[in-house]
Amino acid sequence: MTTFLILAALVTLIAIGLPVAVSLGLTAVGFYALQGDFRILAMVPQRMFSATTGFTLLAIPFFILAGNLMNTGGITERIFRFADACVGHVRGGLGQVNVLASLFFSGMSGAAVADAAGLGQVELKAMADKGYDPEFSAAITAASSTIGPVFPPSIPFVLYSSITGVSVAKLFLAGVVPGVLMALALMASVWVIAHRRGMPKRHRIDWLEIGRSFLGAALSLLTPVIIIAGIFGGIVTPTEAGVAASAYALILSMFVYREITVRDLPGILWETLQHTIRVMFVIAAAGFFGWLLIHQRVPNQLVSSLIGFSDNPVVIMAIVVAILLVLGMFLEGIAVIVLTVPLFYPVMTQIGVDPVQFGVIMIMCSMVGLLTPPVGMVLFAVSSIAKLSVGRLSKALLPYLAGLCVVLLAVIAFPAVSTWLPNLLLGN
Amino acid sequence: MLATIDRIAGFILRAIPVCCLAALFLLLLTNVIARTFQLAGFSWFDEIVQGLFAWMVFIGAAALWRERDHFQVDWLERSLPAIPARILRLVTTLLAICFLVVMTAYGADLTRSAKALTPILGLPTALFYITIPLSGAVMLIYSSAELLRLLTGFNSSRETQQ
C-alpha cells in the first residue's frame, strides 16, 4: 500500500505539471511531513548535495560539451560529408547517410538531443536541398539520434553506473553491438521505404570523394579513438575522457577548422549547462526520493510482488519492459532512469539478469521513449527544427520504431548481444 | 526597475555556472596532462572540483528555474481552458513553494551547522553547502513573484517583455 501511495503521488505531481525534480522531492518531503517526522527533512539538502557531486556524474557536462563544440565547430559537417561519400550511393541515399553520420557522431557525444539538434540540422538541410520528403527526413533524423546514448560514450550509462555501481567501462562496451545493430536496423528500414517509394540512387561509388572527405574528417573521426583508447587503456577515467574529447573538439574547432572564436565559448558553455543542469537537478531531488524508497523498503516490496505474480523471469522481464516503455511515453529518459533503476535493479538481480544487460535494456527503452508522444524530447526537438507537427512526425517514425524494437527484443532475448564484448575484453 | 534587477540576476545566475564549468574543464584537463606526463600531483584537486560542481549545479538550477526550463510535463496545463489552467498553475506554484521552503530552510540549517574544514585546503564545508539555500532562496523569490502574478492578474515585466 505504501509503495502504491508513494508512486501514485509522484505520478500525479508530475502529471499536473510540477517540474520532475520538484515532484520527486515533494513526494518524499510530503510523505514524512504527513507522518509528522520533520527531523528526517534535515536530510533533504544532505542527500541533494551528495547525489550530485559524485565524480562520475561530472562526465555528463563534458560529453554534452564535446557534442556542442562539434556542432558549432564544423566537425559535424565534415562527418556528414564523409558519411555521404560512403553510403550516399545506396538506395535511400541521404537517409542511409543520416544513420551512418549519427553512428560516427555518437562515438564522440553521449546525448541524443545534441545529435538531433546539431547534426540533425545539417542532415535536414541536406535532405531538403536534395528534394527529400520532409516527413521521411525528419523521421530518420529523430530515429538515428537515439543511437548516441547507446553507442559509447553515453550519458545515460554514466547515470546508470552512478546509481548501481556497475563499471562505466563495461557498460560503454556493452553498448557497442546494440548501437551498431540499431544503425543496421534503421538502414534496413530506410532501404525498404526507399524501395517501396522508388527513391532514386546514385549509381556508383566515388572513391576519390571518399578519400577526399575522409581526409577532411579524419581528425574529427579520431575523437572516439581518444575516448575509447583512453578509458580502456587505463589512462583516463570516463569523466576525464569527456574532458579530453571536449579539449580535442575545441582545438579542432578553434585552431584547425577555425570555425569558432573565444567569443562563442560562453554561449556554447551555457547551452551545455542547460542540458546538464536539467538532468542534475532531477538527480539531486532523486537523492532524497531514493532514500525514501529504501527507507520504506519499496524495492523489496516490488520484488516480492513481481515474483509473487509470476516466477517466470520472461514474464517479469516483459512487465518491467512494458512499464519502462509506458513511462518513457510520459517522462523524459533521464527521469525514467533515475526513478526506475533503484526499483527494478533488485528485481533484475533477483531473477538472474546480468546488471550490464539490464543497463542496455533500460537505456534502449528510454531511447524509444524519446521518440514517442506525448513527451519525447527528440520528437519535440526534430519537429521544431523540421517545422513538422508532432503528430505527422510520430506517424512517419513508426517503421523506424519497429526496427528499434526488434533490436530491443534481441538485446532482451540474447544476453550475449550486450554482454559478449565487455566479457571478452574486461572479463566477467 | 524590477525588470533591470531581473535582467542583472539572470546574467549573474548564468555567469556563475558558466565560470564553474570553464574552471572545471581547465582543472580536469591540467590534472590529466600533469598525471600523464608525471609533472605534478594535485592533492587539493578533489576538494575544489566538488565545490565547483556543487555551485555549478545548484546556481544553474536557479538560473533554469528563472527561465522555466526544468523538465516538466505541461500538456495538462496546455490542454485546459484559460481559467482552469490558471488555477492549475496556482496549485503547482504553491506546491513548488512548499518544496523550496524545505530545501532553503533545511539547507540553511545544514550550512550553519557545518563546522568541518576540508582536509587539505582547510576550506569550510559550509562554503559548499551554502549553494543549496542560496539556490532555493532565488527559486523561492521567482515562485513567489509568479504566485503574486497569478493571484492579482498582474503581468510581471519579464512576461510583458516576452
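See the structure above.
Residues numbered from 1 in each chain as written. Chains lettered and ligands numbered in written order. Predicted model: local features only at pLDDT ≥ 70, side-chain atom pairs only at ≥ 80, totals over all residues. Heavy atoms only, no water.

Moving on, we come to the packing of aromatic side chains. Residues and elements named next belong to chain A. Counting across every chain of the model gives 12 aromatic pairs over all chains. Summarising the aromatic geometry, the rings of Tyr 32 and Phe 288 are spaced 6.0 Å apart at their centres and angled 50° between planes, so their arrangement reads as tilted. Here the residue Tyr 32 occupies a position in helix α2 (residues 20-34), and Phe 288 occupies one in helix α14 (residues 265-295), the gap between them amounting to 256 residues. When its relative accessible area of 1% is taken as the criterion, Tyr 32 is described as buried. The buried category is assigned to Phe 288, whose relative accessible area is 1%. Taking 5.9 Å as the distance between ring centres and 15° as the angle between the ring planes, the aromatic pair formed by Tyr 132 and Phe 136 counts as stacked. Assigned by exposure class, Tyr 132 and Phe 136 land together as buried. Here the aromatic cluster, defined as three or more aromatic residues joined through ring pairs, consists of Phe 31, Tyr 32, Phe 288 and Trp 291. Lying across the ring of Tyr 257, Arg 78 places its NZ or CZ 3.6 Å from the centre. (Phe/Tyr/Trp six-rings, centres within 6.5 Å; stacked < 30°, edge-to-face > 60°. Helix = DSSP H or I, 4+ residues; strand = E, 2+ residues; numbered from the N terminus. Buried < 20%, exposed > 50% of the residue type's maximum accessible area, 1.4 Å probe, protein only. Lys NZ or Arg CZ within 6 Å of the ring centre and 35° of its normal.)

Turning to the side chain of Ser 189 of chain A, a few remarks are in order. All names here are of chain A. With respect to the helices and strands, the residue Ser 189 is situated in helix α11 (residues 176-197). Using a relative accessible area of 12% as the deciding quantity, one classes Ser 189 as buried. When sequence neighbours within four positions are dropped, the list of residues in contact with Ser 189 reads Pro 399, Tyr 400 and Gly 403. (Contact = heavy atoms within 4.5 Å.)

All names here are of chain A. Note that the residue after Pro 152, namely Pro 153, is joined by a cis bond; omega there is -5°. With a phi close to 50°, Arg 258 is a non-glycine residue in the positive phi region. One can find Arg 258 in the loop between α13 (238-256) and α14. For Arg 258, a relative accessible area of 65% gives the class exposed.

The end-to-end C-alpha distance of helix α1 (residues 2-15) of chain A, which contains 14 residues, comes to 20 Å, matching closely the 20 Å that a straight helix rising 1.5 Å per residue would cover. Three or more residues of α1 of chain A are buried, namely Thr 3, Ile 6, Leu 10, Leu 13 and Ile 14 of chain A. Down the axis of α1 of chain A, the smallest arc covering the buried residues is 115°, so these residues share one side. Turned more than 90 degrees away from the buried face of α1 of chain A, the exposed residues are Phe 4 and Val 11 of chain A. Here the buried face of α1 of chain A lies against α2, α14, α15 (298-309) and α17 (333-350) of chain A together with α4 (82-113) of chain B. (Expected span 1.5 Å × (residues − 1). Arc of directions from axis to C-beta.)

Let us look at the side chain of Thr 340 of chain A. Residues and elements named next belong to chain A. Within the secondary structure, Thr 340 is located in helix α17. Using a relative accessible area of 2% as the deciding quantity, one classes Thr 340 as buried. Polar side-chain contacts of Thr 340 include one of 2.5 Å to the backbone oxygen of Val 336. Residues in contact with Thr 340, not counting those within four places in the same chain, are Leu 324, Leu 327, Tyr 345 and Met 362. (Polar contact = N/O pair within 3.5 Å; in protein donor to acceptor, adjacent residues only side chain to side chain.)

So, on to the packing of α11 of chain A against helix α21 (residues 416-426) of chain A. All names here are of chain A. Where α11 contacts α21, the two axes come as close as 7 Å, and the packing angle between them is 135°. Judged by the angle between their axes, α11 and α21 are oblique. Here Val 176, Val 177, Pro 178 and Leu 181 of α11 lie close against α21, whose contacting residues are Val 417, Ser 418, Trp 420 and Leu 421. Its residues assigned to classes, the contact of α11 with α21 comprises seven nonpolar, one polar and no charged. (Axes fitted to C-alpha atoms, helices over the stretch in contact; angles between N-to-C directions. Parallel < 35°, antiparallel > 145°, perpendicular 65-115°, else oblique. Nonpolar A, V, L, I, M, F, W, Y, C, P; charged D, E, K, R; others polar.)

Time to look at the environment of Leu 147 of chain B. All names here are of chain B. With respect to the helices and strands, Leu 147 occurs in helix α6 (residues 131-152). In sequence terms Leu 147 and Leu 26 are 121 residues apart; their C-alpha atoms lie 41 Å from each other. Contacts of Leu 147, omitting those with residues within four sequence positions, involve Leu 90, Thr 93, Leu 94 and Ile 97.

Buried accessible area, meaning the area lost when the parts come together, often serves as the stated size of an interface. In this complex, chain B contributes 49 residues to the contact, which on the side of chain A involves 56 residues. Carbon and sulfur atoms supply 83% of the area buried between chain B and chain A, which totals about 4,800 Å² over both sides. Among the residues of chain B in contact with chain A, Phe 53, Phe 71 and Phe 99 of chain B are the three that bury the most area, contributing 18% of the side total. For the pair chain B and chain A, the number of links is two salt bridges. Of the charged contacts, one joins Asp 69 of chain B and Arg 278 of chain A as a salt bridge, the two residues approaching to 3.1 Å between their closest N and O atoms. For the pair chain B and chain A, the interface holds six residue pairs in polar contact (both at pLDDT 80 or more). (Buried area = accessible area lost by both parts, 1.4 Å probe. Salt bridge = Lys/Arg side-chain N within 4 Å of Asp/Glu carboxyl O.)

All names here are of chain A. A cluster of nonpolar side chains, namely Leu 219, Leu 222, Val 225, Ile 226, Ile 251, Phe 255 and Val 256, defines an oily patch on the protein surface of about 590 Å² accessible area. Counting residues per element, the ones that place at least two in the nonpolar patch are α12 (207-232) and α13. If you tally residues by element for the nonpolar patch, the top one is α12, at four residues. Relative to the helices and strands, Ile 251 resides in helix α13. A relative accessible area of 45% means that Ile 251 is categorised as partly exposed. (Patch = residues over 30% accessible without salt bridge, like charges linked within 9 Å, V, L, I, M, F, W, Y side chains within 5 Å. Areas by Shrake-Rupley, 256 points an atom, 1.4 Å probe, with all protein chains shown as cover.)

On their own, these measurements won't tell you what the molecule is for.
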